[in-house]
Amino acid sequence: MTTTKHVDAEGRATIKGIICDILEIDEAEMTDTSRFKEDHEADSMGAIEILSQLERAFGIDIDQAELARMVNLEGVVTVVDEAVAAKAAASL
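As annotated in an unreviewed UniProt entry, the protein chain is Acyl carrier protein from Streptomyces mauvecolor.

Encoded structure:
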C-alpha cells in the first residue's frame, strides 16, 4: 500500500516560510530535522502561532495535541499532510 502525499513541494515551501517568518530565522538556517525549540529558540507562543497560520494557509484544523509532534519541519509537514488528507477524505 502506498501513501499519497497531499503536501507538495510548493506546500512544503509555504510551511517552511510560515515557520521561518514566525521564528524570525533565515530559511537557510532551518533543516528538515533542526528542532524549533532547541536549535531556533522557539517558545510555546510561537508554536501556537505557527499552528494558527498553517490552519489558515491550508484551510485545515489541527488539534493542539499535535504540537508535540511539530518539533521540526519534517514533523510539521507530516501533521499538515495528515490534516489535508483528513479534510479530503471528509469531503468525499
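After that view, the rundown keeps rolling.
Asks: Can you walk me through helix α4 (residues 73-90) in this structure?
Replies: Note: α-helices contain 3.6 residues per turn, so residues at a spacing of three or four share the same orientation. With 18 residues, α4 extends 26 Å between its outermost C-alpha atoms, agreeing within 8% with the 26 Å of an ideal straight helix rising 1.5 Å per residue. Buried within α4 are the following residues: Leu73, Gly75, Val76, Val77, Val79, Val80, Asp81, Ala83 and Val84. For α4, the secondary structure elements touched by its buried residues are α1 (9-23), α2 (36-40) and α3 (44-58).

Asks: Explanation requested: the UniProt feature "domain: Carrier" (unreviewed entry) in the protein chain in the structure shown.
Replies: In the numbering used here, UniProt assigns the feature "domain: Carrier" (unreviewed entry) to residues 9-84. Strand forms 0% of residues 9-84 and helix 62%; the C-alpha atoms that close the span are 14 Å apart.

Calculation criteria
Residues numbered from 1 in each chain as written. Predicted model: local features only at pLDDT ≥ 70, side-chain atom pairs only at ≥ 80, totals over all residues. Heavy atoms only, no water. Helix = DSSP H or I, 4+ residues; strand = E, 2+ residues; numbered from the N terminus. Expected span 1.5 Å × (residues − 1). Buried < 20%, exposed > 50% of the residue type's maximum accessible area, 1.4 Å probe, protein only. Contact = heavy atoms within 4.5 Å. UniProt positions renumbered as here; feature names shortened; annotations may be inferred.

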